[in-house]
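Here is how the chains run, residue by residue.
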Amino acid sequence: MPVGTQGTVKAVPQETLESLGVQIILGNTYHLYLRPGHEAIRRIGGLHKFISWPHALLTDSGGFQVFSLNELRKVTDDGVRFRSHLDGSSHFFTPEHSIDVQIALGADICMAFDECTEYPADRPRAEESLRLTMAWARRSLDHFHAHSHEVPWHEQEFLPPNGGVPPVPRIGGPGRPRTSTDDPSASRMQCFGIVQGGMYTDLRRQCAERLVEMDFDGYAIGGLSVGEPRELTLEMIAETLPLLPRDKPRYVMGVGYPDEIEQYARMGVDMMDCVLPTRAARHGLLFTSEGRLNIKNKQYAEDKGPPDPACDCMVCRRYSRAYLRHLMQSSEALSGTLNTIHNLAFYLGIMRRVRDALQSERAAPVLDR
Ligand SMILES: [Zn+2]
């Protein structure tokens, strides 16, 4: 899932995301709550309508930003008090409030409010954090069940502001014509729980089992990629994944490098999000079939070749490394756009290949397995 922090995947317009085959993007509740405000987005008809994205959307709970962007936060059993990084104003987030904000934004998938345990965290700290996350998961889900029908888009048509032709048919979310074979849950908002537990496998297990009992629509593994060594990330995923139902989406939050997402997908992870392909692109780091390429390097100044010879994205088909380097050196706005489009195409290509491989394995005759 490309990350659209402020309601935009930075530097890339929605129609380009569509042409890249993006099925779902992520919005950040914390940022959208502070600006332009969830009530404003609700009045406009929800985040889909506001950003003109008729496909699937996921919002996080705001918890990660509350904890990572606020040194002066105060955590109690009830919730978290924090100061806006924009103007210093004071705000209080509870699980109920996080769900209310997410319902106002009206994504297709919302996340339970959790505390992302920092790394490293000693055992008492991880236990205390987990106690909070599990209590907040229960409160998030109860509040979601009581209020999810209040989404601003419920069953409404999706139409662009000029009343013109709606964008391509929906992949998920509001306004998608329902067919008789549709899973009824596909046309309502869903709520995912988040497994925490620091780097302690028994705490992860305990959390996963409790969340599965609560019966969420899907499950995320959170609190990873927070500075721990990669073997530890892998160990936590490998220990937690088998405890989560195979017939529901399993989502690892905040990962990762191209080889990581391929590895996790092959382990059975269905969803991942990361700012890496987009953020790295804006800093001139391109992911390619030949490895990482820093387009700022002088060696590309007169390189007429495409960014990635094995890529057939719209950037690699048309532009040279020399041109991308020049745009970057000149701080041109197009630089971020072209670099990001290629990196997204590269990441999406990995996931497409994994999906194709899984499908052909499934389609292969039983004797061949
Ligand atoms: Zn490309």
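Quick caveat, the model's predicted, so the values are computed rather than measured. (Residues numbered from 1 in each chain as written. Predicted model: local features only at pLDDT ≥ 70, side-chain atom pairs only at ≥ 80, totals over all residues. Heavy atoms only, no water.)

## With respect to the overall build of the chain
Rule in force here: The way it works is that DSSP assigns letters per residue, a run of H or I at least four long becomes a helix, a run of E at least two long becomes a strand, and they are numbered from the N terminus. When a residue's accessible area, from a 1.4 Å probe over protein chains only, is under 20% of the maximum for its type it is buried; when over 50% it is exposed; and in between it is partly exposed. Residue contacts follow a heavy-atom distance rule, with two residues in contact if any of their heavy atoms lie within 4.5 Å. What sets the accessible areas is the Shrake-Rupley method with a 1.4 Å probe; for residues, cover comes only from the shown protein chains.
Each helix and strand counted, the chain has 13 helices and 12 strands in total. Relative to its full complement of 369 residues, the chain shows a buried share of 52%. Pairs at least 24 apart in sequence give 67% of the contacts found in the chain among residues at least 6 apart. About 17200 Å² of surface is accessible on the chain, with carbon and sulfur atoms providing 51% of the total.

## With respect to the confidence of the model for the chain
Quick note on the threshold: Every residue gets a pLDDT, meaning the predictor's confidence in that residue, from 0 to 100.
Confidence in the prediction of the chain, expressed as mean pLDDT, is 91, and 90% of residues score 70 or more. Below a pLDDT of 50 lies the segment residues 174-182, which in the model reaches 14 contacts outside its immediate sequence neighbourhood of four places, other chains included.

## Let's talk about helix α12 (residues 321-329)
Inspection of α12 places Arg321, Ala322, Leu324, Arg325, Leu327 and Met328 among the buried residues, and these make up the whole buried set. Where the residues of α12 are buried, they touch α11 (276-282), β11 (285-288), β12 (291-294) and α13 (333-363). With its phi angle positive at about 50°, Ser331 sits one or two positions after the end of α12.

## Overview of the nonpolar core
Test applied: For the purposes of this section, nonpolar cores are sets of buried Ala, Val, Leu, Ile, Met, Phe, Trp, Tyr and Cys residues that join through side-chain atoms within 4.5 Å.
Membership of the largest hydrophobic core comes to 46 residues, with the highest contact counts inside it found for Leu211, Phe216, Val252 and Met272. Of all the elements, helix α7 (residues 123-147) adds the most residues to this core, at 6 residues. Among residues more than four places away in sequence, those in contact with Phe216 are Ala112, Ala137, Leu141, Cys191, Phe192, Gly193, Leu211 and Lys248. Listed in part, the 42 residues of the second largest apolar core include Val12, Leu20, Cys313 and Ile341.

## A few points about the coordination of the zinc ion
The cut-off we apply is this: The rule for donors is simple: an N, O or S atom within 2.8 Å of the metal counts, and for Na, K and Ca the reach is 3.2 Å. Water is not among the atoms, so a site may look short of donors. A four-donor site is classed as tetrahedral when every donor-metal-donor angle falls between 85 and 135 degrees; four donors are called square planar, and six octahedral, when trans pairs exceed 155 degrees and all remaining angles lie between 65 and 115, with any other arrangement labelled irregular.
For the zinc ion, every protein donor is listed as Cys311 (SG), Cys313 (SG), Cys316 (SG) and His342 (ND1), and the spread of their distances is 2.1 to 2.3 Å. Geometry at the zinc ion is tetrahedral, judged from the 4 donor atoms that bind it and their angles of 99 to 121° at the metal. Binding-site remark: the zinc ion is held by donors from one chain whose sequence spacing is C-x1-C-x2-C-x25-H. Of the two residues, Cys311 is situated in the loop between β12 and α12 and His342 in helix α13; the sequence distance between them amounts to 31 residues. Across the pair, exposure class does not vary: Cys311 and His342 are buried alike.

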